[in-house]
Amino acid sequence: MKKSVFILGLSSDIGKAIALKFAKNNYDIYGTYNNGDISDLEKQMALVNTKITTYKLDCRDYKSMQNIFAEVFKSASFIESIICVYGVSKKENLLIDYTEEEIDDVVNINLTSVIKANKLAFEYFIKQKSGSIINISSIYGIYGGACEVAYSASKAGLTGLTKALAQECSPFGIRVNSVAPGCIETKMTSFLSEEDKKKIINSTPLKRLGKSEDVANAVFFLSSNDSSFITGQILSVDGGATTF
């Protein structure tokens, strides 16, 4: 039986890296994207002879999300994991300078949509009698980030979601975990100046920025049988930044 994974947020740098990690390990890929470009990912999938099925989705549209989940589970022979990579951040600002619309946008995408996706994953994995749900959080959800209050709050919410849902899912053989990346070299962090990057590197015990592949490796581990006794955990991929 061919294994598959379902990645929500496929067009992000981390989403693409996760897809490639699984593809290179002989998984079929299902995924959603919204405004991002996935043409390069589709070409890479062709090079490793991997089947990829994609759906355009605004994660705030729950009805469309429901329809896509139904299509994926009807099409795939076995979904091993559902991985929620949704994440958006606004320009760094004091909370008093954020508009109501900006706050709503961050919370709806980073938290509300992930709760709803987890709900659907739970429903389908109960029928399948197994499965792994993995939410991509952030170390800002652990210790907070000044001028990133809404983002930090939304990612902290994923910790509560992951730990609570893990307890609900465990009687059904379903595991729920989260990966909390530190400063990863992606489009989201491309605004950082060289000086800012140096400061981050100097404060990171492993003395480098992370790569999307570092996050993908952690996700692959949490999806596999190698982590079969792990649930309700937040795995920080941050070079040791949250160690102290």
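Up top is the structure these notes are about.
Note that the coordinates shown come from a computational prediction; the quantities given were computed from them, not determined experimentally. (Residues numbered from 1 in each chain as written. Predicted model: local features only at pLDDT ≥ 70, side-chain atom pairs only at ≥ 80, totals over all residues. Heavy atoms only, no water.)

A. Representation of the packing of helix α4 (residues 100-128) against helix α6 (residues 149-169). Packing of α4 against α6 brings their axes to within 8 Å, and their N-to-C directions diverge by 15 degrees. As summarised for this structure, α4 and α6 are arranged roughly parallel, according to the angle between their axes. For the crossing formed where α4 meets α6, the hand is right-handed. Together, Val-106, Val-107, Asn-110, Leu-111, Val-114, Ile-115, Asn-118 and Phe-122 of α4 and Ala-150, Tyr-151, Ser-154, Lys-155, Gly-157, Leu-158, Leu-161, Leu-165, Glu-168 and Cys-169 of α6 make up the contact between the two elements. Taken together, the residues of the contact of α4 with α6 sort by class into 12 nonpolar, 4 polar and 2 charged. (Axes fitted to C-alpha atoms, helices over the stretch in contact; angles between N-to-C directions. Helix = DSSP H or I, 4+ residues; strand = E, 2+ residues; numbered from the N terminus. Parallel < 35°, antiparallel > 145°, perpendicular 65-115°, else oblique. Left-handed = near helix turned anticlockwise from the far one by under 90°. Contact = heavy atoms within 4.5 Å. Nonpolar A, V, L, I, M, F, W, Y, C, P; charged D, E, K, R; others polar.)

B. Main features of the pattern of salt bridges. Taken as a whole, this structure holds 11 salt bridges when the rule is applied. Where Lys-197 meets Glu-194, a salt bridge forms, and the shortest distance between an N and an O atom there is 3.8 Å. Here Lys-197 and its partner Glu-194 are both found in helix α7 (residues 194-202), 3 residues apart, which amounts to about one turn of the helix. When salt bridges with common partners are traced through the structure, they connect Asp-58, Arg-60, Lys-90 and Asp-105 into a single cluster. (Salt bridge = Lys/Arg side-chain N within 4 Å of Asp/Glu carboxyl O.)

C. Summary view of the packing of aromatic side chains. Taken as a whole, this structure holds 10 aromatic pairs when the rule is applied. A centroid spacing of 6.2 Å and a plane angle of 25 degrees characterise the contact between Phe-69 and Tyr-124, whose relative ring orientation is stacked. A residue pair is termed long-range when its members are at least 10 positions apart, and Phe-69 in helix α3 (residues 62-75) and Tyr-124 in helix α4 qualify at 55 residues. Geometrically, the ring pair formed by Tyr-140 and Tyr-151 is edge-to-face, given 6.3 Å between the ring centres and 80 degrees between the ring planes. Residue Tyr-140 is located in helix α5 (residues 140-143), and its partner Tyr-151 is located in helix α6; the two are separated by 11 residues in the primary sequence. Taking the relative accessible area as the measure of exposure, Tyr-140 reaches 26% and is therefore partly exposed. (Phe/Tyr/Trp six-rings, centres within 6.5 Å; stacked < 30°, edge-to-face > 60°. Buried < 20%, exposed > 50% of the residue type's maximum accessible area, 1.4 Å probe, protein only.)

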